[in-house]
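# Remarks on the overall topology
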Amino acid sequence: MALSAKTAGLLLAGTGAAHFVAPKAFLGITVKAFPKDTQQWVYRNGATELALGLALSTAKTRKLGLLGALGYVGWLGANVVKNR
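What comes next concerns the included structure. (Residues numbered from 1 in each chain as written. Predicted model: local features only at pLDDT ≥ 70, side-chain atom pairs only at ≥ 80, totals over all residues. Heavy atoms only, no water.)

## A closer look at helix H3 (residues 38–57)
When the terminal C-alpha atoms of H3 are compared, their 28 Å separation across 20 residues agrees well with the 28 Å that a helix rising 1.5 Å per residue should span. Buried residues of H3: Thr38, Trp41, Val42, Asn45, Gly46, Glu49, Leu52, Gly53, Ala55, Leu56 and Ser57, and no others. Packed against the buried residues of H3 are helix H1 (5–21), helix H2 (27–33) and helix H4 (62–82). (Helix = DSSP H or I, 4+ residues; strand = E, 2+ residues; numbered from the N terminus. Expected span 1.5 Å × (residues − 1). Buried < 20%, exposed > 50% of the residue type's maximum accessible area, 1.4 Å probe, protein only. Contact = heavy atoms within 4.5 Å.)

Written out as structure tokens, the structure reads:
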């Protein structure tokens, strides 16, 4: 069963908000991309995911949100590779 773009966006936004509610849950994965200032990066990533998720959830901003999300995923992946 495929998720609608709105649902996927809201799930991403919820994940972004969770970075602020339970930041320790994201430390293990964030440290792989950002070994320095990891706690601050948890919050920065949360804000980014919240913004991108909200953009994806609205038809008017969905294309921009998709471009942002693709760039964000690529940037995170590059940081993980760089910090191995």
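## Structural notes on the environment of leucine 64
The topology assignment puts leucine 64 in helix H4. As a C-alpha pair, leucine 64 and tyrosine 43 span 21 residues in sequence and 22 Å in three-dimensional space.

## Some thoughts on unusual backbone geometry
It is generally the case that most residues other than glycine have a negative phi and that most peptide bonds are trans. Located in the positive-phi region is aspartate 37, a residue other than glycine, with phi close to 55°. Look at aspartate 37 and you get exposed, because its relative accessible area is 57%.

## Quick word on the packing of H3 against H4
At a minimum axis distance of 7 Å, the contact between H3 and H4 shows a crossing angle of 150°. Classified by the angle their axes make, H3 and H4 are roughly antiparallel. You can see that H3 and H4 cross each other, and the crossing is left-handed. For the pair H3 and H4, contact is made by Trp41, Asn45, Thr48, Glu49, Leu52, Ala55, Leu56 and Ser57 and by Arg62, Gly65, Leu66, Gly68, Ala69, Tyr72, Trp75 and Leu76, respectively. Classifying every residue of the contact of H3 with H4 by side-chain character gives nine nonpolar, five polar and two charged. (Axes fitted to C-alpha atoms, helices over the stretch in contact; angles between N-to-C directions. Parallel < 35°, antiparallel > 145°, perpendicular 65-115°, else oblique. Left-handed = near helix turned anticlockwise from the far one by under 90°. Nonpolar A, V, L, I, M, F, W, Y, C, P; charged D, E, K, R; others polar.)

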